[in-house]
Amino acid sequence: MEFDNGLDALLQKSEELTANLNDGTDLPRVRRNLGQILDAGKRLWSKTAAHGTDAQQVKAALFLGQKGLEIADVPDRLKNLATTRNLEPLNPVVHTDIEGFLRNEHENAILSVIEEQKQKTFEEVTNRHWETRLAEWDTEKGRILNALLGSDDSLNISILPSKKSKLRDDTKVIAGKRSLLDDNEMLYAQQIHRYNEMVVQGIKPDSLIKFCQSAVERMNSQSLVAIWNMIWELVGHIRVPSGKTPAQLRTDTEIQMALINASRAHLENEYFNFIQETVNSNLRDANRGAMPGTEQLIRSFLQVRKYNYQATEDGDVWAMIYYCLRCGQTRTAVEIARKSSQIVGEFLPSLVDWVESPDRLLGPNQESKIKIQFRRSVRACTDPFKRAVFCIVGKCDTDIHEDVIQKTDDYLWMKLSQVVVGKTGDGYESIEKFQRDILEEYGEAHFQADQSPLLYFNVLVLTGQFEAAIEFLARLNLATLVMTFTRKFESTDPQEALQYFYFLRDIRLPGASDSLFISCVSGLVRESREFGTLLGRIDPQTGQKKSGAIDKFHADTKKLIERVARDCEERGLFEDAVGLYDLGGFHDKVVDLLSELISQVLADADKPQSDRNRLKIQAQEIAQRYRNQNVEIQRQSADTFHLLLDLMTYFDAYHGKQLDFALDTIRQLDLLPLDGMNQSRDQIQSKPQFGDQSAHLSQLAEIKSLAKALIMFAGMVPYRLPGDTNMRLVQAEVKMN
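Residues numbered from 1 in each chain as written. Predicted model: local features only at pLDDT ≥ 70, side-chain atom pairs only at ≥ 80, totals over all residues. Heavy atoms only, no water.

Draft legend 1. Layout of the overall build of the chain. Secondary structure assignment for the chain yields 34 helices and two strands. Put simply, the chain has 737 residues, and 36% of those count as buried. Pairs at least 24 residues apart make up 49% of the contacts formed inside the chain by residues separated by at least 6 positions. Accessible surface computed for the chain: about 47,000 Å², of which carbon and sulfur atoms make up 52%. (Helix = DSSP H or I, 4+ residues; strand = E, 2+ residues; numbered from the N terminus. Buried < 20%, exposed > 50% of the residue type's maximum accessible area, 1.4 Å probe, protein only. Contact = heavy atoms within 4.5 Å. Areas by Shrake-Rupley, 256 points an atom, 1.4 Å probe, with all protein chains shown as cover.)

Written out as structure tokens, the structure reads:
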């Protein structure tokens, strides 16, 4: 009964509650079952938990509340902070906000310029890095080769005699004096003596070149033998007309054409020998078989070269014709063209006329037909050998045809085949332009004359520039020989190397303002690092320059020191450049370069033997000496330099935990808005005594105002601070509160 009474009472109360809900108001009635109520409770609980109902967030709220900071205000303060360090485009503004639009465009332009310069800087640094590495590697290769050259005569690839000069004890001349000629020079002298004896006796001797060939055959130098053999092939068969001056002979069209034909024939003979050697050394790949003849030789050469003739519509016909022309086998080229007349077509008569012409020229009508055919179809064909053959025979253009040219000899032969003397026309290459391109447009740097002097000499001779070739050899014998010889001991005996370099004082490189002596001394100083011994040093007590080994050779040592310093700066040796500029008296340059170096390591800790420590000692010594000597420096450069020195003092104190001294230093520099801060760190952190609570609160308020001033100051210098600076300042201010 009691249980039934309890249920009746519960039912009555529920009905009363239901009746109370219908009290005549307009509010809607909420009807939920138990499951819905449970789900709603879980949702409310999850929302509450997400806002920090766990233990750690509750503790954080209590901690911030004790410091006087409401946790609800933190998101409002932090949402305005930029947490990214990357430059991002600014948010767009509505079109009606003209002022905001202009401000946004201005800031976007600044950000774009910064990003563009950043990319350019990275690219420039990368390019300079690789240029420096390649230059260092070239220098190292030269040093290794020169060391090998000095170690064993069998490794000497120079065009100069490989053996050291020795005085002949057994050779005597008139008056009983010992000859000063070495063995090779004596061989030349004997042949010249024979030549002159025959002339005096009225006997017509052979060419003087033949006598020189006889001399070099007794020398241990295959390079000299090759040089004289080449010269004989070029000029040995040319008949010089009498009654003409050297200037007239130089411009004589017949002689010029004879030199061109001889040079081309020499290159063709050399290439034919090369083809034979290649095939004979690769008989398995050549697959020559028992068939004799030049045609089979060329086909075997193509097999060794792995020529893919299936990629062209005409097979290997044009490649065979080209290589026959390249090695001077013109008759074989005609036979191949006749066998493939269906492919060659109308080109066959032109090829026959070209082969029979002594000057390798077609008639006007035949040449015009070849050029028309070349423009219509051949120029656009995929076979590079077909294009090259048409241009050689028909003088269709003066292109290099890089698809078929592999070496310098191939380029010379192609250009010599395009040269026409005494005539002008479309596709004609003049001898004057060709020589000018070789000597001036390309020059020694293109042909790497310092590493392959014989190659550049051959190029000059084959193009008829004998004077330039002789001048190159003369300079090679004096300048390059001296530099090659001194590289063996310049690092250990720089003063002796300096004696040799003085012989180069009157030689100037093309386009250079300084003599070769200054250039060599610059490299000697950098490699040996004997700055004081060679250039002198500054007395730290008096500030006067003490003389070095260079002073007795060069009157204007200041110019030489500037050249060495500039070279060091261009190669990234900035600390050496500072010392050299200081030695030469270029004080403004010293201060500017030191300021740039210090700014890169300014905030680092001062560790012994570190870059910052070395720069600090050097900068302080220079600053003290300049101050004692009253050295005049530009005001802006001097102010920046001394400011950086003071900032080094500040960071030294900061890293050394001398915070009061650091605070005083930064306050005296007047770089930051700290004028109102007069308390030390110890006074700020000390606990207030009884009755001093108001003073302590005043100090804290003053510090907070200075913190706000720092944040405002940082916000007034945009784009000059790291991206997280403002964020860290605001976080520090939040902790202060």
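Draft legend 2. Here's a closer look at the side chain of Q465. Mapping Q465 onto the fold places it in the loop between α21 (453–462) and α22 (466–486). Taking the relative accessible area as the measure of exposure, Q465 reaches 8% and is therefore buried. Within the structure, the side chain of Q465 is placed 3.0 Å from the side chain of T463, a separation counted as a polar contact. Residues in contact with Q465, not counting those within four places in the same chain, are Q435, I438, L439 and L460. (Polar contact = N/O pair within 3.5 Å; in protein donor to acceptor, adjacent residues only side chain to side chain.)

Draft legend 3. Looking closely at helix α16 (residues 347–356). Of all the 10 residues making up α16, seven are buried; the element is thus mostly covered by neighbouring parts of the structure. Where α16 is concerned, the buried positions are F347, L348, S350, L351, V352, W354 and V355. Buried residues along α16 sit against α13 (317–326), α14 (330–339), α15 (341–344), α17 (364–376) and α18 (384–394).

Draft legend 4. Region of the structure containing the nonpolar core. With 85 residues, the main nonpolar core has I321, Y322, L325, F347 and L351 as its most contacted residues. In terms of residue count, the dominant contributor to this core is α13 (nine residues). Sequence-distant contacts of F347, that is, excluding residues within four places in its chain, are made with W318, I370, V389, F390 and V393. Listed in part, the 56 residues of the second largest apolar core include I507, L516, L534 and L663. (Core = buried A, V, L, I, M, F, W, Y, C linked by side-chain atoms within 4.5 Å.)

Draft legend 5. Fine view of the side chain of E367. Checked against the element boundaries, E367 lands in helix α17. Within the structure, E367 has its side chain in polar contact with the side chain of Y428 (distance 2.9 Å). For E367, the contacting residues outside a window of four places in its chain are L362, G394 and Y428.

Draft legend 6. Looking closely at a negative patch on the surface. On the surface, E233, E270, E277 and D409 cluster together into a patch of negative charge. Secondary-structure assignment places E233 in helix α8 (residues 222–235). The class for E233 is partly exposed, based on a relative accessible area of 34%. (Patch = residues over 30% accessible without salt bridge, like charges linked within 9 Å, V, L, I, M, F, W, Y side chains within 5 Å. Salt bridge = Lys/Arg side-chain N within 4 Å of Asp/Glu carboxyl O. Lys, Arg positive; Asp, Glu negative; His and termini not counted. Charge placed at Lys NZ, Arg CZ, Asp CG, Glu CD.)

Draft legend 7. How the structure looks around the packing of aromatic side chains. Enumeration over the complete set of coordinates arrives at 18 aromatic pairs. Seen from their ring centres, F301 and Y323 are 5.5 Å apart, and the 70° between their planes marks the pair as edge-to-face. You can see F301 sitting in helix α12 (residues 294–304) and its partner Y323 sitting in helix α13, a full 22 residues away along the chain. For Y323, a relative accessible area of 5% gives the class buried. Put simply, the rings of Y271, F274, F301, Y322, Y323, F385 and W413 touch in pairs and so form one group of aromatic residues. One cation-aromatic arrangement involves K558 over F586; the distance from NZ or CZ to the ring centre is 5.1 Å. (Phe/Tyr/Trp six-rings, centres within 6.5 Å; stacked < 30°, edge-to-face > 60°. Lys NZ or Arg CZ within 6 Å of the ring centre and 35° of its normal.)

Draft legend 8. Examining the confidence of the model for the chain more closely. Taken over all residues, the pLDDT of the chain has a mean of 77, while the share at 70 or more is 79%. The secondary structure element of the chain with the lowest average pLDDT is helix α32 (residues 681–685), at 48, and the one with the highest is α14, at 90. Taken together, the stretch residues 149–178 has pLDDT below 50 and engages in 37 contacts with residues farther than four places along the chain or on a different chain. Across residues 679–685, confidence stays below pLDDT 50; counting only partners more than four residues off in sequence or on other chains, it has 14 contacts. (pLDDT = per-residue confidence, 0-100.)

Draft legend 9. Broad picture of the pattern of salt bridges. Under the definition given, this model contains 26 salt bridges. Note that K616 is salt-bridged to D652, the shortest N-O span being 2.8 Å. One end of the pair, K616, is in helix α29 (residues 611–629); the other, D652, is in helix α30 (residues 635–655), with 36 residues separating them in the sequence. Close ionic contact of D664 with R667 constitutes a salt bridge, the shortest N to O distance being 2.9 Å. Here R667 and D664 lie together in helix α31 (residues 659–669), a separation of three residues that amounts to about one turn. For R667, a relative accessible area of 22% translates into the label partly exposed. Each of E295, R299, D316 and K339 takes part in salt bridges that share partners, so that together they form one network.

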